[in-house]
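Structure assessment
This is what each chain is made of:
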Amino acid sequence: MPVHRYEKWWLTFGIGTLAVFLAVLGLRAFASGHTPPGSVLTVDPELIDTIAPWNAPGVYDRGDRVDVYLVGQAFSYAPNRIEVPVGKPVTFHAVTKDVVHSFTIVGTTVNMMLIPGYANEATYTFKAPGRYLVLCNEYCGVGHQFMQAEVIAQ
Amino acid sequence: MTAIRSPIADAWARRHLTVAFAAVFVGALGGLVQAFVRAGWMTLPPWLDYYAVLTVHGVLLALVSTTYFIFAYLLAGNGRTLGDLSPGGRRFVALGFWLMTVGILLAAAMILAGEASVLYTFYLPLQAHPLFYIGLALFVVGTWSVAYALIRQYFDWKKAHPGERTPLFAFMATVTLFIWWIASLGVAATVLFQMIPLSLGWVSGVNVELSRTLFWYFGHPLVYFWLLPAYMVWYVNLPKIIGGRLFSDALARFAFLLFLVFSFPVGVHHQLTEPGIRDVWKFFQVVLTFAVVVPSLMTAFNVFATFELTAREKGHRGLFGWIRALPWQDVRFLAPFLAMLFFIPGGIGGLINASYQMNAMVHNTLFVVGHFHVTVGTPVMLTFFGASFWLIPNLTGRTLPAGARRLGLVQAILWAAGMLLMSIAQHALGLMGAPRRTAFTTYQNHPVAESWFSTPIANYATMAAGGALLFTAAVLMVGLAVYLAFFAPKAAPDRAEPFPLAEAAEEGMQPALLENWRLWLTLAAVLIVIAYTVPLIDIANHGAPLVRGYRTW
Ligand code: HEM
Ligand SMILES: [Cu+2]
Ligand SMILES: [Cu+2]
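None of these values were measured; they are calculated from a predicted model.

1. Details of the overall build of chain A
In terms of helices and strands, chain A carries one helix and ten strands. The linear arrangement of helices and strands in chain A, starting from the amino end, is α-β-β-β-β-β-β-β-β-β-β. Relative to a compact globule of 154 residues, whose C-alpha radius of gyration would be 15 Å, chain A shows 20 Å and is clearly more extended. Long-range contacts, defined here as pairs at least 24 residues apart, represent 58% of the contacts in chain A between residues at least 6 apart. Of the roughly 6600 Å² of accessible surface on chain A, 60% is carried by carbon and sulfur atoms. Of the side chains in chain A, 10 bear a positive and 12 a negative charge, and the two mean positions are spaced by 12 Å.

Shown next as structure tokens:
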């Protein structure tokens with residue numbers, strides 16, 4: 001299969017670029033620990049009201065870091081006013097009691113899917129104080145557009 | 001290559017086209033409504049749920065119009081290059097068409113009755129009416145039947161012509177249909193074994209993450225099922241339209257085979273922000289996602305080399321002088337050319353979406369909606385629209401009058417302008433955090449959400465203005481299609497608008513490898529096994545609790 005000289009250049013350039021992109025992503029992921037949200041912890045959505053830590057959602061300050069436990073359900077979050085400190089890593093642990101939702105803090109990198117059957121988690125350090133909008137960006141039913149909360153970083 | 005007549009395949013191609021354009025019309029109306037509702041320009045009456053409209057839009061445009069158009073095009077093109085359907089093939093096509101059509105009518109009825117506002121991805125544990133899933137299952141089985149007839153037609157031809165190079169069109173059609181077959185096994189599995197049993201009450205719960213993984217095993221190759229027929233227009237028809245020859249036949253085939261091998265083991269890039277799949281496997285599928293960019297790079301080279309070669313053969317010189325020689329006034333060229341230009345931001349956006357940790361910035365925001373309108377919504381659809389200007393009169397024995405050509409240019413430019421406006425707004429809104437699949441809301445006047453109504457570009461009003469242009473273009477296209485099908489001047493026998501089939505400038509030698517289907521299908525299977533075995537075993541081992549169905553609308 002004869003390949004034109006220019007095509008060889010074009011493909012070398014293209015594949016080279018892709019390889020550089022991937023190297024950057026891979027380094028960020030496996031050297032700097034910057035990975036997407038995820039978890040393999042399973043949770044029974046029917047038992048969320050009765051098992052710890054999900055039966056007491058809220059903000060837990062652990063000194064040098066913060067854990068936030070969240071429960072999503074059609075069409076609200078508990079808690080829906082989340083006060084966190086600025087400058088400390090905050091890990092959001094979230095579950096859903098019913099269908100698929102998301103937990104998304106606009107203007108941050110926290111954007112994760114809540115899948116019934118699993119917990120999910122994402123960590124973020126707020127750099128600036130402010131009122132951050134939390135919304136659900138996965139369709140969950142008629143009231144999907146009303147599913148919101150607020151993170152207050154201070 | 002002289003065109004062969006194939007009246008039976010043509011009749012079925014016409015039926016498929018009818019459904020495709022009906023779907024475009026209703027689907028586009030839905031798009032207009034969505035854009036206007038989100039901008040606050042209109043409110044829906046209480047009996048009409050935004051999400052029912054959105055379900056109709058996704059199902060009719062992404063699933064129905066694409067599939068029917070593709071089948072029409074493949075039926076016609078296989079007819080022109082391989083000959084007519086055999087009596088057996090004809091039965092499979094007829095059976096398939098009616099299964100698909102009855103299935104989709106059933107599903108549509110359920111959506112309109114408000115029994116299936118589950119969007120075109122119908123994620124569990126949302127639970128629609130059983131007839132919705134049964135309709136989907138009939139649709140998928142129907143597509144298998146049509147695809148079988150066409151694949152069979154190719155292999156029958158190959159057997160009857162030992163040692164000959166198979167026609168490029170039919171070769172590409174076969175790759176496309178294999179991709180559809182193999183991909184749709186995933187969605188069929190979750191519909192048949194999870195959704196239908198759940199909705200009928202045969203089982204009390206389902207594993208949601210398993211269903212999502214099966215769905216996306218299907219969902220990504222699905223986009224190649226849409227895209228490859230548009231590439232076929234660019235490779236096989238466009239060179240002829242501009243009066244030239246395809247730059248390289250062998251490389252075109254090789255690019256398609258790369259799609260066959262690499263389009264499946266990448267579905268997890270749609271699941272990057274969800275639990276249940278380990279980081280290594282997410283990253284692994286991201287790497288393969290980048291690999292499947294390569295055949296698109298090859299396509300870009302081959303198509304643009306064809307343009308340049310053709311213009312230079314006609315005596316145009318200079319580094320860019322040849323660009324002027326292209327037939328810009330011919331809608332059969334201009335529409336697919338504009339479509340190609342949209343694929344540049346489309347491809348780049350796709351790489352951003354697939355960029356592992358960067359995905360969290362855009363996942364399920366309007367950025368993604370902008371992305372698929374500049375991939376399937378324009379590169380694919382505008383190519384099909386442009387192709388309709390010869391396909392329809394070719395199939396109905398008519399000519400393409402100058403007036404229709406001119407209106408076609410208007411249509412293509414309107415669509416491109418509308419899409420430019422709408423998709424820029426959607427990409428920008430998405431980066432500002434605006435969610436997709438969400439009815440009108442200001443989030444209780446939250447300042448961030450209010451900015452989506454007031455900044456110049458990242459603005460729902462800009463999106464709606466683009467939507468209005470697009471809707472106008474869609475109506476014009478449907479009108480032109482009806483005109484070409486029923487009212488354009490009848491041509492003298494054998495003088496109908498031709499089905500443009502290009503020859504190749506460089507046939508290249510035909511390595512036997514390129515026609516070794518067993519090899520390529522095996523490679524595809526091996527990659528699927530490598531990419532999915534461990535993630536599926538993991539999901540089974542996690543033993544996530546089964547979840548009951550919900551109706552939240
Ligand atoms: C008249 C032209 C069109 C307009 C005005 C339009 C408008 C829109 C809008 C505003 C949305 C976002 C709705 C939301 O997320 O809340 C949307 C979603 C979508 N559009 Fe279009 N669109 C048009 C044509 C197309 C075409 C030609 C295709 C594909 C062939 C397409 C495929 C989709 C899909 C798959 C979705 C996502 C549905 C979902 O999230 O469930 N659209 N469209
Ligand atoms: Cu939601
Ligand atoms: Cu994909």
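2. Thoughts on the domain arrangement of chain A
Looking at chain A, the domain boundaries give domain 1 (1-34) and domain 2 (41-153). Placing a centre on the C-alpha atoms of domain 1 of chain A and another on those of domain 2 of chain A gives a separation of 36 Å.

3. Concerning the coordination of the copper ion (ligand 2)
For a metal bound by four donors in tetrahedral geometry, the ideal donor-metal-donor angle is 109.5 degrees, whereas six donors in octahedral geometry ideally sit at 90 or 180 degrees. All names here are of chain A. The protein atoms donating to the copper ion (ligand 2) are C136 (SG), E138 (O), C140 (SG) and H144 (ND1), with metal-donor distances spanning 2.1 to 2.5 Å. The site at the copper ion (ligand 2) holds four donor atoms, and with the angles between them running 82 to 131°, its shape is irregular. Read in sequence order, the donor residues for the copper ion (ligand 2) give the motif C-x1-E-x1-C-x3-H. Exposure class is identical for C136 and H144. Each is buried.

4. Remarks on helix α3 (residues 87-112) of chain B
Residues and elements named next belong to chain B. Between its first and last C-alpha, α3 extends 37 Å over 26 residues, near the 38 Å set by a 1.5 Å rise per residue. Burial in α3 covers these residues: G89, V93, A94, G96, F97, M100, T101, G103, I104, A107, M110 and I111. Elements that come into contact with the buried residues of α3 comprise α1 (7-39), α2 (50-82) and α4 (130-160). A positive phi of about 75° marks G114, the residue just after α3.

5. Observations regarding the side chain of T143 of chain B
Examined against the element boundaries, T143 of chain B turns out to sit in helix α4. Contact partners of T143 of chain B, with chain neighbours within four places excluded, come to T67, F71, M100 and W180 of chain B.

6. Here's the deal with the UniProt feature "domain: Cytochrome oxidase subunit II copper A binding" (unreviewed entry) in chain A
According to UniProt, the feature "domain: Cytochrome oxidase subunit II copper A binding" (unreviewed entry) maps to residues 63-154 of chain A in the numbering used here. With 0% helix and 54% strand, the stretch residues 63-154 of chain A has end C-alpha atoms that lie 16 Å from each other.

7. Details of helix α5 (residues 168-199) of chain B
Residue and element names in this part refer to chain B. Look at α5: 44 Å from first C-alpha to last across 32 residues, which is about the 46 Å you get at 1.5 Å a residue. Of all the bends found along α5, the most pronounced is centred on V191 and spans about 35°. Directly beyond the C-terminal end of α5, a positive phi value near 80° is found at G201.

8. Describing the interface of chain B and chain A
Listed per partner, the contact involves 70 residues of chain B and 63 residues of chain A. Note on chain B versus chain A: buried area summed over both sides is about 5600 Å², and carbon and sulfur give 70% of it. Three residues, P275, Q357 and Y443 of chain B, lead the burial of chain B against chain A; their summed loss comes to 12% of the area buried on that side. On the surface where chain B and chain A come into contact, there are two salt bridges.

9. Quick look at the environment of Y73 of chain B
Residues and elements named next belong to chain B. Note on placement: Y73 falls in helix α2. Expressed as a C-alpha distance, the spacing of Y73 and R14, which sit 59 residues apart in the sequence, is 9.5 Å. Residues contacting Y73, with those up to four places away along its chain left out, are F169, P229, M232, V233, N237, W390, L391 and F499.

10. A short note on the coordination of the copper ion (ligand 3)
Residues and elements named next belong to chain B. Surrounding the copper ion (ligand 3) are the protein donor atoms H220 (ND1), H269 (NE2) and H270 (NE2), which sit 1.6 to 2.0 Å from the metal. All donors of the copper ion (ligand 3) belong to a single chain; written as a sequence motif, their spacing is H-x48-H-H. On the basis of relative accessibility, which here comes to 24%, the residue H270 falls in the partly exposed class.

11. A few points about the side chain of T383 of chain B
All names here are of chain B. By the element assignment, T383 lies in helix α14 (residues 376-396). For T383, a relative accessible area of 0% translates into the label buried. If near-sequence neighbours (up to four positions away) are discounted, T383 is found in contact with A230, V233, W234, P336, A339 and T378.

12. A closer look at unusual backbone geometry
With an omega dihedral of -5°, the bond running from A52 of chain A to P53 of chain A counts as a cis peptide bond. One can find P53 of chain A in the loop between α1 (5-30) and β1 (58-61). For the bond from L124 of chain B to P125 of chain B, the omega torsion is 0°, close enough to zero to count as cis. In this structure, P125 of chain B sits in the loop between α3 and α4. You will see that Y356 of chain B, though not glycine, has its phi angle at about 45°, which is positive. In this structure, Y356 of chain B sits in the loop between α11 (331-353) and α12 (359-362).

13. Some remarks on the UniProt feature "transmembrane region" (unreviewed entry) in chain A
Within this structure's numbering, the places UniProt gives as "transmembrane region" (unreviewed entry) are residues 9-31 of chain A. Each end of residues 9-31 of chain A is marked by a C-alpha atom, and these two atoms are 31 Å apart; helix forms 96% of the span and strand 0%.

14. Quick word on the environment of P79 of chain A
Residue placement: P79 of chain A occurs in the loop between β3 (76-78) and β4 (81-84). The contacts of P79 of chain A, once residues within four sequence positions are left out, are P57, G58, Y69 and L70 of chain A.

15. So, the packing of α1 of chain A against helix α9 (residues 294-313) of chain B
Packing of α1 of chain A against α9 of chain B brings their axes to within 10 Å, and their N-to-C directions diverge by 145°. Where α1 of chain A crosses over α9 of chain B, the two elements pack in a sense that is right-handed. Contact residues: Y6, E7, W10, L11, G14, I15 and L18 of chain A in α1 of chain A; V294, L297, M298, A300 and F301 of chain B in α9 of chain B. Tallied by class, the residues present in the contact of α1 of chain A with α9 of chain B amount to ten nonpolar, one polar and one charged.

16. Section: the pairing of β4 of chain A
Residues and elements named next belong to chain A. Where burial is concerned, the two faces of β4 differ: the one with I82 and V84 is buried and the one with R81 and E83 is not. Bridging between β4 and strand β10 (residues 148-153) involves four bridges; their strand directions are parallel. Counted as the bridge partner of I82 is V151 from β10.

17. Some details on the site of ligand 1
Residue and element names in this part refer to chain B. In the neighbourhood of ligand 1, 29 residues make up the surrounding shell, with R38, Y50, H57, H373 and R437 lying closest. Between ligand 1 and Y50 there is a distance of 2.6 Å, counted from an oxygen atom to a side-chain nitrogen or oxygen. In this structure, an oxygen atom belonging to ligand 1 sits 2.6 Å away from a main-chain N or O atom of R437. Put simply, the parts of the chain that give the shell around ligand 1 at least two residues each are α1, α2, α13 (366-373), α14, α15 (402-431) and α17 (460-487).

Rules used throughout
Residues numbered from 1 in each chain as written. Chains lettered and ligands numbered in written order. Predicted model: local features only at pLDDT ≥ 70, side-chain atom pairs only at ≥ 80, totals over all residues. Heavy atoms only, no water. Helix = DSSP H or I, 4+ residues; strand = E, 2+ residues; numbered from the N terminus. Rg over C-alpha atoms; globule rule 2.2 N^0.38 Å. Contact = heavy atoms within 4.5 Å. Areas by Shrake-Rupley, 256 points an atom, 1.4 Å probe, with all protein chains shown as cover. Lys, Arg positive; Asp, Glu negative; His and termini not counted. Charge placed at Lys NZ, Arg CZ, Asp CG, Glu CD. Domains from an automatic or database assignment. Donors = N, O, S within 2.8 Å, 3.2 Å for Na, K, Ca; no water. Tetrahedral: all angles 85-135°; square planar, octahedral: opposite > 155°, others 65-115°. Buried < 20%, exposed > 50% of the residue type's maximum accessible area, 1.4 Å probe, protein only. Expected span 1.5 Å × (residues − 1). UniProt positions renumbered as here; feature names shortened; annotations may be inferred. Bend = angle between axes of the 7 residues up to and from the residue. Buried area = accessible area lost by both parts, 1.4 Å probe. Salt bridge = Lys/Arg side-chain N within 4 Å of Asp/Glu carboxyl O. Axes fitted to C-alpha atoms, helices over the stretch in contact; angles between N-to-C directions. Left-handed = near helix turned anticlockwise from the far one by under 90°. Nonpolar A, V, L, I, M, F, W, Y, C, P; charged D, E, K, R; others polar. Pairing = 2+ DSSP bridges. Near = heavy atom within 4 Å. Polar contact = N/O pair within 3.5 Å; in protein donor to acceptor, adjacent residues only side chain to side chain.

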